[in-house]
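Residues per chain, in single letters:
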Amino acid sequence: MSLRLPDATATRRRPRTHDLDALVVGAGGAGLYAALELKRDLGPEARIGVISKLYPSRSHTAAAQGGVCAALGNTEEDNWEWHWFDTVKGGDYLVDQDAAEVMCRDAVETIINLEHLGLPFNRTPEGLIDQRRFGGHTRNHGEGPVRRACYAAVRTGHHILQTLYEQCIRHEVAFYDEYQVLDLQMPDGVGGPVTGVIGYQLATGEVHSFLAKSVLFATGGFGKIFKVTSNAHTLTGDGVAIVYRRGLPLEDMEFYQFHPTGMYKLGFLLSEAMRGEGGFLVNGKGERFMERYAPTMKDLASRDVVSRSIYQEIAAGRGIDGKDFVHLDVRHLGAEVLNKKLPDMSGFIRTYFGIEPLTDLVPIQPTAHYAMGGIPTDLDGHALADERGTRVPGLYAAGECACVSVHGANRLGTNSLLDILVFGRRAGVAMADEVRRAPDPQPDAVAERAVLAGLAELLEGMEGERPAVIRAELQETMFAKCGVYRNGALLEEAQADLRRLRERARHLCVQDKGRRYNTDLVEALELGFLLDCAEATVDSALARTETRGGHAREDFPDRDDVEWLKHTFAFRWSEGAPPRMAYRPVTITKFPPKPRVY
Ligand SMILES: Cc1cc2nc3c(=O)[nH]c(=O)nc-3n(C[C@H](O)[C@H](O)[C@H](O)COP(=O)(O)OP(=O)(O)OC[C@H]3O[C@@H](n4cnc5c(N)ncnc54)[C@H](O)[C@@H]3O)c2cc1C
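Residues numbered from 1 in each chain as written. Predicted model: local features only at pLDDT ≥ 70, side-chain atom pairs only at ≥ 80, totals over all residues. Heavy atoms only, no water.

**Points about the overall build of the protein**
The number of helices and strands found in the protein is 17 helices and 24 strands. A compact globule built from 598 residues would reach a C-alpha radius of gyration of about 25 Å, and the protein, at 23 Å, matches this within 12%. Its C-alpha atoms give the protein principal-axis dimensions of roughly 65 × 50 × 50 Å. Looking at the 598 residues of the protein, the share that counts as buried comes to 63%. The long-range fraction of contacts in the protein, counting pairs at least 24 apart against all pairs at least 6 apart in sequence, stands at 76%. Carbon and sulfur atoms provide 50% of the accessible area of the protein, an area that totals close to 21,400 Å². For the protein, the separation between the mean place of its 70 positive charges and that of its 82 negative charges on side chains is 2 Å. (Helix = DSSP H or I, 4+ residues; strand = E, 2+ residues; numbered from the N terminus. Rg over C-alpha atoms; globule rule 2.2 N^0.38 Å. Buried < 20%, exposed > 50% of the residue type's maximum accessible area, 1.4 Å probe, protein only. Contact = heavy atoms within 4.5 Å. Areas by Shrake-Rupley, 256 points an atom, 1.4 Å probe, with all protein chains shown as cover. Lys, Arg positive; Asp, Glu negative; His and termini not counted. Charge placed at Lys NZ, Arg CZ, Asp CG, Glu CD.)

As structure tokens, then:
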């Protein structure tokens, strides 16, 4: 039988080439702030492009609800050094303190700058930017909670994204919407320079070659490696996996944050702002159990602590009706707070559970939320080629796909929006500098051919498994065996599961052979990225024989500063083989590691 495959053959054409000065992959907050800074720095003539697999305003930054923090001290006394300390302690002392210092100090100016760009923050009666409480943010090095999160109702991320997008349009940044980047152009191999990317246009099925003197990855997180997650379907770790495949390291992948208040079974996030405004957790016996685990901060202890406490209650049989969830109680907050300050979450509860938060208790369970690890960078967003800090010329990373590392082993709420803004902007400045000096970029013919061949193979394959089946098993494995609690035996099982899944993923069946918006093909491509991210996570987790922040080992329950006060660098040297691990010391400038109590 002969089959006509007009659409598959279309991917074999020579790619169309776009020449740019600088290129940003990802149109979330990190990417847009970098693009804006590049335009401002290099002037209106500069050719600055943003490629995004989503229409920009659909980036996950838009889903961020609760707030972005800065020690403005608008409603009570605050100090950026207290914020710095909280960030270091929240990260269980794995934070690079020089990076956190930059972030917390620059936070104040960054928020004011955003306000001047047009962001409609909530106001105090005096007209200042209002601030609310969030987990782990304290007064005077841990005395009690402080109001540090600036917010725009519960649509803070949405407004950040809209504000930056408007500004980028105003400054004539070129947008390539709905192009999925599949590889880097790195003609001289692993050490760089990076000279561009290869993208797949979703609307036409065509492959495009983008050349630029400097490239930023701002591709967001990879929560979709887990079954229950707050992350959007699109958060499949593409940028992280692409870098890893090219032999560059991934840092601290074992540290993944589970947010305590996901909606039971659905995983959708109920922002920490609900506890910041006064909500609290109760177990099956009606007890406010966080008082036992964190006597000072209670429900506003850091997320890793609260998520583990929930699991301990469940393990002790004190879940609701003995099941695997507990309750969030917000009834006492009243209609004014629930409907005006927390409208989206109250709406989610009414819509998805069909219950009334003013009168009913809300079922919650920890949900996979945030990647502390990712592409290692220095303070200016330069991607690193190794644990010694060698830069990859032409390549930058910022936002959730990057690891600076300001979050260490556990991120504090509202510090991610801050991270994407501060380090997105800094990367833009550093890239502008490189654009002025770098030679014209050369194409990577090998990468072009490999992308075209890979697409053709997927489209021509007639037999094999559906990507969705393998993805579901991957997510199940990761949630059950590499979740809030881990141990050596479970992680080894996860490793073996992933090896089998990778083998099965060699033979995928992409049923849609069409060219336009082939989501079937996209799912197959994204499955590959998910497998790479999951593999780096499990292998890094197995190697780290201690408990720290978001990485809790039942078989090694204590933090081990003698052996493990260091960052993991995982390198893939051959597909399917375990990665090579290297380690880099943590930068400690001010706060010596101490036991962590809340
Ligand atoms: C529900 C939810 C609520 C949150 N609430 C808060 C909060 O209140 N405060 C806080 O500080 N943090 C919060 N976070 C975390 C925070 O929102 C994210 O970490 C942050 O917004 C990530 O921004 P980013 O710019 O790195 O990436 P994203 O906003 O995720 O954007 C990624 C971009 O990369 C593009 N992309 C990805 N892969 C490709 C590819 N292969 N080719 C082309 N483009 C690609 C996408 O199209 C997208 O434009 C929340 C997260 C979630 C999920």
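**Here's the deal with unusual backbone geometry**
Cis geometry marks the peptide bond from Gly192 to Pro193, where omega comes out at 5°. Inspection of the secondary structure puts Pro193 in the loop between strand E8 (179–185) and strand E9 (196–201). Cis geometry marks the peptide bond from Val404 to Ser405, where omega comes out at 10°. With respect to the element layout, Ser405 can be found in the loop between strand E20 (402–403) and helix H12 (415–437). Here the phi dihedral of Asp92 falls at roughly 55°; this positive angle occurs in a residue that is not glycine. Tracing the chain through its elements places Asp92 in the loop between helix H3 (80–90) and helix H4 (97–117). A relative accessible area of 6% means that Asp92 is categorised as buried.

**Some words on the site of the ligand**
Near the ligand, the surroundings consist of 39 residues, among which Ser59, His60, Thr61, Glu400 and Leu417 are the closest. One nitrogen or oxygen atom from the main chain of Leu54 is found 3.1 Å from an oxygen atom belonging to the ligand. At a separation of 2.9 Å, a nitrogen atom of the ligand approaches a polar backbone atom of Gly67. Relative to its unbound accessible surface of 1,000 Å², the ligand loses 97% to contact with the protein. Those elements that provide at least two residues to the shell around the ligand are helix H2 (29–42), strand E3 (48–52), E8, strand E16 (362–371) and H12. Here the shell around the ligand gets 4 residues from one element, more than from any other, and that element is H12. Taken together, the residues of the shell around the ligand break down into 15 nonpolar, 20 polar and 4 charged. (Near = heavy atom within 4 Å. Polar contact = N/O pair within 3.5 Å; in protein donor to acceptor, adjacent residues only side chain to side chain. Nonpolar A, V, L, I, M, F, W, Y, C, P; charged D, E, K, R; others polar.)

**Things to note about the domain arrangement of the protein**
Looking at the protein, the domain boundaries give domain 1 (17–255 + 372–445), domain 2 (263–366) and domain 3 (446–557). Spacing between the C-alpha centres of domain 1 and domain 2 amounts to 29 Å. Opposite the 25 residues of domain 1 that make contact, domain 2 presents 26 residues. On the domain 1 side of the contact with domain 2, Gln65, Val154 and Val228 bury the most area, a combined 27% of that side's loss. Summed over the shared surface of domain 1 and domain 2, the result is 2 salt bridges. Among the ionic pairs, Glu277 bridges to Arg132, the shortest N-O distance being 2.9 Å. (Domains from an automatic or database assignment. Buried area = accessible area lost by both parts, 1.4 Å probe. Salt bridge = Lys/Arg side-chain N within 4 Å of Asp/Glu carboxyl O.)

**Quick word on empty space enclosed by the protein**
Considering all chains together, one arrives at 3 cavities of 30 Å³ or more under this definition. Approximately 130 Å³ is the volume attributed to the largest cavity. Looking at the largest cavity, the residues that line it are Gln495, Leu498, Arg499, Arg502, Leu531, Glu535, Val538, Asp539, Gly576, Ala577 and Pro578. Counting residues per element, the ones that place at least two in the lining of the largest cavity are helix H15 (488–504) and helix H16 (519–543). Among the residues forming the lining of the largest cavity, the class breakdown is 5 nonpolar, 2 polar and 4 charged. (1 Å grid on protein atoms, 1.4 Å probe; cavity = no way out; pocket = protein on both sides within 12 Å on 5 of 7 lines; lining within 4 Å. Points joined across faces, edges and corners; volume = space filled by probe spheres on them.)

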